[in-house]
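Report on the structure
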Amino acid sequence: MIQRGNWDQIFFRYRFDRSKYAELTQKYATIFSNYLFSDTNMFSKLTQLIEHHTGSKIHYPSLDDKPFAKCTIRDLASAPLHRDWLPGECPDLESHKDLIDQFAWNIYLQLPDNGGETIVYPTSDRSIANDPNLEKAFIKPSLGDLVLFRSSNIHEVLPGTSRRLTVSGFFGPKRDGTILFWV
Ligand SMILES: O=C(O)CCC(=O)C(=O)O
Ligand SMILES: [Fe+2]
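Just so it is clear, the model here is predicted, and its values are computed rather than measured.

Some remarks on the site of ligand 1
In the region of ligand 1, the neighbouring residues are L76, A79, D84, A104, N106, T118, S151, H155, V157, T166 and S168. Elements represented by at least two residues in the shell around ligand 1 include exactly β6 (103-110), β10 (155-157) and β11 (165-173). In the shell around ligand 1, the residues fall into four nonpolar, six polar and one charged.

Let's talk about the environment of C90
Within the fold, C90 resides in the loop between α3 (86-89) and β6. The class of C90 is partly exposed, set by 15 C-beta atoms lying within 10 Å. Taking the C-alpha atoms as reference points, C90 and K20, 70 residues apart in sequence, are found 17 Å from one another.

Observations concerning the environment of I139
Structurally, I139 is set in strand β8 (residues 137-139). Separated by 83 residues in sequence, I139 and S56 have C-alpha atoms that sit 27 Å apart. Dropping the residues within four chain positions of it, I139 is found in contact with E117, T118, V120 and V147.

Some points on the pairing of β11
Judged by how many residues are buried, β11 sits mostly within the fold: seven of nine residues are covered. Sheet analysis places strand β4 (residues 72-75) next to β11, joined by four bridges and oriented antiparallel. Paired with I73 across the two strands is V167, which belongs to β11. Looking at chain direction, β6 and β11 are connected through seven bridges and run antiparallel. Looking across to β11, one finds that Q110 is bridged to L165. Two strands pair when backbone bridges link them, and β11 and strand β12 (residues 179-182) are joined in this way by four bridges, in the antiparallel orientation. Among the inter-strand pairings, G172 is bridged to a residue of β12, identified as L180. Remark: five residues form the turn of the hairpin made by β11 and β12, two consecutive strands paired antiparallel; G177 in that turn has positive phi of roughly 90°.

What to know about the sheet that holds strand β5 (residues 79-82)
Hydrogen bonds along the backbone pair up the strands of a sheet, which may run parallel or antiparallel. If you walk across this open sheet you meet the four strands as β5-β10-β7-β8, and the pairing is antiparallel. Each edge of the open sheet is held by one strand with a lone partner, namely β5 and β8. Within this sheet the neighbouring strands show an average axis-to-axis angle of 10°, counted without direction. Looking at chain direction, strand β7 (residues 118-120) and β8 are connected through three bridges and run antiparallel. Looking at β8, one finds that V120 is bridged to A137.

What counts, and where the lines are drawn
- Sequence order as written defines the numbering, with residues in each chain counted from 1.
- To read the labels, note that chains go from A and ligands from 1, taken in the order they are written.
- Totals for whole chains, interfaces and linings use every residue, but because this is a predicted model, local features are given only for residues with pLDDT of at least 70 and side-chain atom pairs only at 80 or more, for both listing and counting.
- Nearness is defined per residue: the C-beta atom, placed using the backbone, must lie within 6 Å of the molecule or strand.
- Segments assigned H or I by DSSP are reported as helices when at least four residues long, segments assigned E as strands when at least two residues long, and all are numbered from the N terminus.
- Asp, Glu, Lys and Arg are counted as charged, while Ala, Val, Leu, Ile, Met, Phe, Trp, Tyr, Cys and Pro are counted as nonpolar; the rest, among them Gly, fall into the polar class.
- Using C-beta atoms placed from the backbone, we call a residue buried if 20 or more other C-beta atoms fall within 10 Å of its own, exposed if 12 or fewer do, and partly exposed for counts in between.
- Residue pairs qualify as contacts under a 7 Å threshold applied to their C-beta atoms, which are placed from the backbone.
- Pairing between two strands requires that DSSP report at least two bridges joining them.
- In this analysis, axes come from line fits to C-alpha atoms, helices being fitted only over the stretch in contact, and the angle between any two N-to-C directions falls in the range 0 to 180 degrees.

Below, the structure written as structure tokens:
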């Protein structure tokens, strides 16, 4: 059983407590491989798809010799307008300093009947978010969908009428032509 609110060990949340992040990463990796990925290979399918379409090799970064988490479970009621761009948020992070861009991937495990859409803006500039001429992408996923989008652009998740559960992570190309995966 996934308990409400107890997941989502994304690095950004633990950027000031890296040992807690490493501890949770190890704990969840064991749970994911024993339960979530024991009867589905969705993560390896995703990485194969990305390597195939980009022609790039994926690398999994580490921090003080401890791996970053590869994915997380998100139990997101909604998300306010934000962007995810790790080199901007943590410029001292050696592992991510040559990153060119950041993308989010989400596989939808549970969705509300109403609401829960993801809106992605065609800009990273928050100050123009209300410009009526912006052509935003309104994503209304179905169960099992994989959605990839540029998370360095501003985006939000609208509130829904019931639980919304995803397997999620980030990836991005580096200057050396490889792709990093982390969360
Ligand atoms: O759950 C979603 O559709 C998007 C959540 C989000 O903010 C992200 O993946 O960066
Ligand atoms: Fe996000």
